[in-house]
Amino acid sequence: DVEVTDEEVEKELDNLKQQFFQGDEDAYLAELKKQGLTEEQVKNDIRNTRLLPQKVFEAVTKDVKVTDQQIQEFYDQNKAQFEKPASREVRHILVKTKAKAEMIHRQLENGASFAQLAKRYSQDPSSKNTGGKFTAQQGTLVAPFETAAFGLETGELSGPIKTQFGWHIIEALGDTTPKSSQPLADVKQQINQQLLEQNKNKKFNTWFKELTARLRPEIAYAPGFQPAKTQTGPTTGDGTGTDAGITNG
């Protein structure tokens, strides 16, 4: 009982025109001509390979839900996924040579503005325009930088630190925020969405295998249209592949 209306096809075609041609009808028609397609062919493709598979998937999986128990079990089994690493507000200046790093270090010790020197000299494009400021997260930085950044006293300035990127001058702006775990309440919606997608895919794949097995005796192909047996689509009951390729989205 799944049906795609002409109005839905037209709406999807309008969306695609906007997405790929910014609504320019002439550009759309020029592309059709270039591809050797008619608009009717495009509409049939939208109906049969885009909207119809989506509707089939939605119809088969409409009753799938995720329970609170499933969410709790996933959270308990994957707590590392929801850990926030230790972090610290720092700022740094990156240059290519030790001599330049030492020169900048001397200027900073004599009261020069860290932000101004960062904007002038730093080779780090992601932080130079903020005066070298960024949030350092433990476990995400190259080792020499991380050791220095989390080993400094608050307000302390490092000497030149060498990494694979060059030479750094680092200043610790705040205390280290310890590693912590996100409470279940904060990630419940995220887990629910992840499990819902998994459960829907599982339900659909089961349905598809059962459908294929049931209809196998009734399926026939015109000469030359027998699909190759691959493992790229949903698998049939005997382990061979199918060309149906019906997926969510």
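This section reports on the structure supplied with the text.

Let's talk about the pattern of salt bridges
Counting across every chain of the model gives nine salt bridges. Here Lys-43 makes a salt bridge to Glu-39, at a shortest N to O gap of 3.9 Å. A residue pair is termed a helical-turn pair when its members lie 3 or 4 positions apart in one helix, as Lys-43 and Glu-39 do in helix α3 (residues 39–61) at four residues. For Lys-43, a relative accessible area of 19% puts it in the buried group. One salt bridge in this structure joins Glu-171 and Arg-91, with 2.8 Å as the shortest N-O distance.

Considerations on helix α1 (residues 6–21)
End to end, α1 covers 22 Å across 16 residues, agreeing with the expected 22 Å (1.5 Å per residue, within 8%). Of all the residues in α1, the buried ones are Val-9, Glu-12, Leu-13, Leu-16 and Lys-17. Axial view of α1: buried residues confined to an arc of 145°, hence all on one face. For α1, exposure combined with an orientation more than 90 degrees from the buried face picks out Glu-7, Lys-11 and Gln-19. Residues of α1 that are buried make contact with α2 (25–35) and α3. Following α1 by one or two positions, Gln-22 has its phi on the positive side, about 50°.

Some remarks on the layout of surface pockets
Size it by volume and the second largest pocket reaches roughly 280 Å³. As for the second largest pocket, its lining consists of 15 residues, and the residues nearest its centre are Leu-16, Tyr-28, Leu-32, Val-42 and Asp-45. When residues of the lining of the second largest pocket are traced back to their parent elements, those giving at least two are α1, α2 and α3. Partitioned by chemical class, the residues of the lining of the second largest pocket number nine nonpolar, two polar and four charged.

What about the packing of α3 against helix α8 (residues 184–215)?
Running from N to C, α3 and α8 cross one another at 100°; their axes reach a closest spacing of 9 Å. Taken together, the axis directions place α3 and α8 in an arrangement best described as roughly perpendicular. Facing α3, whose interface residues are Val-56, Phe-57, Val-60 and Thr-61, α8 presents Lys-200, Asn-201, Lys-203, Phe-204 and Trp-207.

Some details on the environment of Leu-152
With respect to the helices and strands, Leu-152 occurs in the loop between α7 (143–151) and β4 (161–163). Relative accessible area serves as the criterion here: at 10%, Leu-152 is assigned to the buried category. Along the primary structure Leu-152 and Ala-172 are separated by 20 residues, whereas in three dimensions their C-alpha atoms are 6.3 Å apart.

Side note on the packing of aromatic side chains
The final tally for this structure, using the stated rule, is seven aromatic pairs. Here the aromatic rings of Phe-74 and Phe-82 are separated by 6.4 Å at their centres, their planes lie at 65°, and the arrangement is edge-to-face. By relative accessible area, Phe-82 is classed as buried at 2%. A centroid spacing of 5.4 Å and a plane angle of 40° characterise the contact between Phe-204 and Trp-207, whose relative ring orientation is tilted. Placement of both Phe-204 and Trp-207 in helix α8 is noted, with a separation of three residues, approximately one turn of the helix. According to the relative accessible area criterion, Trp-207 is partly exposed, its value standing at 29%.

Cut-off values and rules
Throughout, a residue's number is its position along its own chain's written sequence, starting from 1. Residue-level local features of this predicted model are given only where pLDDT is at least 70; pairs of side-chain atoms are given and counted only at 80 or more, and the full residue set underlies all totals for whole chains, interfaces and linings. Where side-chain values are given, they derive from all heavy atoms of the structure, hydrogens and water being excluded. Basic side-chain nitrogens of Lys or Arg form a salt bridge, by our definition, when they fall within 4 Å of a carboxyl oxygen of Asp or Glu. Each helix is a run of H or I in the DSSP string that is no shorter than four residues. Each strand is a run of E no shorter than two, and both are numbered from the N terminus. The classification of residues rests on relative accessible area computed with a 1.4 Å probe and restricted to protein chains. Under 20% of the type maximum is buried, over 50% is exposed, and intermediate values are partly exposed. Any helix carries an expected span of 1.5 Å times its number of residues minus one. Arc definition: directions from the helix axis to the C-beta atoms. Any two residues whose heavy atoms approach within 4.5 Å are treated as being in contact. Lining residues are those with an atom within 4 Å of a point, where the points come from a 1 Å grid over the protein atoms alone and group into cavities, where a 1.4 Å probe fits but cannot get out, or pockets, open sets with protein on both sides within 12 Å along at least five of seven lines. Grid points are joined across faces, edges and corners, and a volume is the space filled by probe spheres set on the points. Amino acids are sorted into nonpolar (Ala, Val, Leu, Ile, Met, Phe, Trp, Tyr, Cys and Pro), charged (Asp, Glu, Lys and Arg) and polar (every other residue, Gly among them). Where helices are involved, their axes are fitted lines through C-alpha atoms of the stretch in contact, as for all axes, and angles between N-to-C directions lie from 0 to 180°. Between 65 and 115 degrees an angle is taken as roughly perpendicular, under 35 as roughly parallel, over 145 as roughly antiparallel, and anywhere else as oblique. When two rings of Phe, Tyr or Trp (its six-membered ring) have centres within 6.5 Å they constitute a pair, described as stacked for plane angles under 30 degrees, edge-to-face for angles over 60, and tilted for the intermediate range.

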